[in-house]
Each structure stands twice: as C-alpha cells, then as structure tokens.
Amino acid sequence: MDGVQRRLLQRSKPSNLLFVGELKNGRFSPKMDHLVCFLAGTLALGAHNGLNASHMDQAKELLHTCVQMYFRMETGLSPEIVYFNQATGNSEDIIVKPADAHNLLRPETVESLFILYRLTGNSTYQEWGWQIFQSFEKYTRIEEGGYSSISNVRSIENPGLRNKMESFFLGETLKYFYLLFEEDFSVISLDKFVFNTEAHPLPIWT
C-alpha cells in the first residue's frame with residue numbers, strides 16, 4: 001500500500017474525490033476501473049485487524065468515490081471504467097468514455113459497502129446500497145426473469161439490455177447485498193470468516 005499511496009492515490013477536481021489511478025509507461029493516468037472498488041473493503045479489513053489505522057479513513061473516502069460512480073450516472077449504475085478530472089475549471093469530476101459506459105452487474109462496490117457497514121455500524125452504507133439495488137432493479141431486471149448487463153449507464157431511455165447475466169451477479173453481488181442488509185452481525189462474522197475473490201466465506205483458523 002505504501003507504493004499505491006505514493007504513486008496512485010490522487011484526487012479529482014472540483015469535488016476532491018479520492019481515487020486510484022494507473023501508471024502507464026511511467027506516466028500517471030486518472031483511469032479507474034470499477035474492479036478497483038474492492039480495495040475499500042480490503043483497506044478497512046486491514047485496519048480492523050491491526051494494520052495502519054489511517055487505512056480506514058482511506059477506505060471510507062475511496063468507497064465514497066465508488067458510490068459517486070453510481071450516483072452521478074443517469075441510471076444510478078456505475079460504468080465499467082471512469083476517468084477523473086484533474087483540470088481546474090471543469091465542473092464534472094467523473095468522465096465516462098462511450099466505450100466504457102457499460103455495466104456488468106459487478107460486485108466490488110457492494111462488497112465494500114457490506115464490509116464497511118459491518119466494521120463501522122454506519123447505516124449510511126446500507127442506504128447507499130439500497131439506492132444501488134433499486135437502480136439494478138429498475139434498469140437491469142428483465143420481465144422473463146433474471147437480470148442483464150447494460151450498454152449505457154448514461155441513458156435512461158435506452159440503457160441497452162445485453163441479454164447476458166454474469167455468474168458473479170448471483171454468486172457475489174446479490175450475496176453481498178443480502179449480507180449488507182442482514183442486521184445480525186454474527187451471520188458470517190468478519191472476525192470468524194474471510195471471503196475469497198469469488199465471495200466464498202472461508203473459516204479463519206486460529
């Protein structure tokens with residue numbers, strides 16, 4: 001994380017959103033994939049288990065940024081990739097290129113919402129998750145059953161159902177939604193279980 005903090009963590013303008021960029025041939029790019037949103041939960045878990053306490057503050061800020069990737073889109077759903085504005089005078093923090101405007105029903109933000117809620121007890125994370133869930137219901141659910149990825153999170157009129165539901169939507173996204181809204185923290189306690197990258201809970205042996 002020291003390297004990430006030194007070289008990849010930067011802020012957007014004008015809202016000062018914390019984000020994780022990329023290095024390409026030694027040059028910084030303010031590009032962030034939705035996949036990166038798992039990092040908020042990872043940082044929070046590290047701080048909870050004795051690592052640098054400042055990582056919890058970074059986790060909260062990074063998760064706020066990930067949620068803004070949803071809330072600032074017309075459908076309330078995040079695109080696959082965003083670019084963050086760092087130029088003075090631009091009123092928009094988040095830039096979405098047409099080729100990156102699709103949503104694949106990914107779990108990373110919901111995963112981090114679940115983890116931060118469990119570790120802090122702050123119901124704001126549930127409220128954010130509920131808004132995201134409602135957007136999934138409104139723009140990705142299909143009448144015949146199931147859910148579909150969409151082509152354009154910026155279009156309310158024509159989000160473009162793709163007729164494809166990735167397996168991780170059932171295996172991860174909906175599982176984390178369920179756990180986010182579970183009020184009993186003893187259900188798959190984060191002090192007794194760890195989730196692998198496919199959201200399978202594994203017992204912690206001590």
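Here, every reference points to the structure presented above.
This is a predicted model, so every value here is computed, not measured.

Enquirer: Help me understand helix α3 (residues 54–71) in this model?
Expert: Since one α-helical turn is 3.6 residues long, residues separated by three or four positions face the same way. Compared with an ideal rise of 1.5 Å per residue, which puts 18 residues at 26 Å, α3 spans 26 Å between its outermost C-alpha atoms and is within 8% of the ideal. Among all positions in α3, only His55, Met56, Gln58, Ala59, Leu62, Leu63, Thr65, Cys66, Val67, Gln68, Met69 and Tyr70 are buried.

Enquirer: Help me understand the pattern of salt bridges in this model?
Expert: Note that side chains of opposite charge can pair when their charged atoms are close. Scanning the model with the defined rule gives nine salt bridges in all. For glutamate 80, the salt bridge identified is with arginine 106, shortest N-O distance 2.9 Å. A residue pair is termed long-range when its members are at least 10 positions apart, and glutamate 80 in the loop between α3 and β6 (81–84) and arginine 106 in the loop between β7 (94–95) and α4 (108–120) qualify at 26 residues. Each member of the pair, glutamate 80 as well as arginine 106, is classed as buried.

Enquirer: Just to check I follow, could you spell out unusual backbone geometry for this structure?
Expert: Across the junction of lysine 13 and proline 14, the peptide omega takes the value 5 degrees, indicating a cis bond. Along the polypeptide, proline 14 turns up in the loop between β1 (9–11) and β2 (18–20). Within the chain, asparagine 163 stands out as a residue other than glycine whose phi angle is a positive 60 degrees. Along the polypeptide, asparagine 163 turns up in the loop between α5 (124–139) and α6 (167–180). On the basis of relative accessible area, asparagine 163 is assigned to the exposed category, the value being 70%. For alanine 199, which is not a glycine, the phi torsion comes out positive at approximately 65 degrees. Note that alanine 199 resides in the loop between β8 (193–195) and β9 (201–203). By relative accessible area, alanine 199 is classed as buried at 0%.

Enquirer: Is there a simple way to explain the packing of α3 against α5 in this structure?
Expert: Two quantities define a packed helix pair, namely the angle between the axes and the distance from one axis to the other. Where α3 contacts α5, the axes come no closer than 11 Å and their chain directions differ by 25 degrees. As the angle between them shows, α3 and α5 are arranged roughly parallel. The chirality of how α3 crosses α5 is left-handed. Taking contact as the criterion, the partners of Lys60, Leu63, His64, Val67, Tyr70 and Phe71 in α3 are, on α5, Tyr125, Trp128, Gln131 and Ile132.

Enquirer: How should I be thinking about the side chain of serine 112 in this particular structure?
Expert: Within the element layout of this structure, serine 112 appears in helix α4. Within the structure, serine 112 has its side chain in polar contact with the backbone oxygen of cysteine 37 (distance 2.7 Å). In this view, serine 112 contacts Cys37, Phe38, Ala40, Gly41 and Leu63; residues no more than four positions away in its chain are not counted.

Enquirer: Please explain α5 as it appears in this structure.
Expert: Taking 1.5 Å of rise per residue, the 16 residues of α5 would be expected to cover 22 Å, and the 23 Å separating its terminal C-alpha atoms lies within 8% of that figure. Here α5 has its buried residues at Tyr125, Gln126, Trp128, Gly129, Ile132, Ser135, Phe136 and Tyr139. Residues of α5 that are buried sit in contact with α3, α4 and α6.

Enquirer: Explain the state of the cysteines to me, please; I cannot follow it from the model alone.
Expert: What we call a disulfide is simply a covalent bond connecting the sulfur atoms of a pair of cysteines. Under the counting rule described, the total for this entry stands at one disulfide. Here cysteine 37 engages in a disulfide with cysteine 66; their sulfurs sit 2.1 Å apart. Linking cysteine 37 and cysteine 66, the disulfide has an S-S dihedral of approximately -100 degrees and is accordingly described as left-handed. Taken together, the positions of cysteine 37 in the loop between β5 (31–33) and α2 (38–48) and cysteine 66 in helix α3 put the pair 29 residues apart, joining distant regions of the chain. The same class applies to cysteine 37 and to cysteine 66, which are both buried.

Reading the values: rules and limits
Residues numbered from 1 in each chain as written. Predicted model: local features only at pLDDT ≥ 70, side-chain atom pairs only at ≥ 80, totals over all residues. Heavy atoms only, no water. Helix = DSSP H or I, 4+ residues; strand = E, 2+ residues; numbered from the N terminus. Expected span 1.5 Å × (residues − 1). Buried < 20%, exposed > 50% of the residue type's maximum accessible area, 1.4 Å probe, protein only. Salt bridge = Lys/Arg side-chain N within 4 Å of Asp/Glu carboxyl O. Axes fitted to C-alpha atoms, helices over the stretch in contact; angles between N-to-C directions. Parallel < 35°, antiparallel > 145°, perpendicular 65-115°, else oblique. Left-handed = near helix turned anticlockwise from the far one by under 90°. Contact = heavy atoms within 4.5 Å. Polar contact = N/O pair within 3.5 Å; in protein donor to acceptor, adjacent residues only side chain to side chain. Disulfide = S-S within 2.5 Å.

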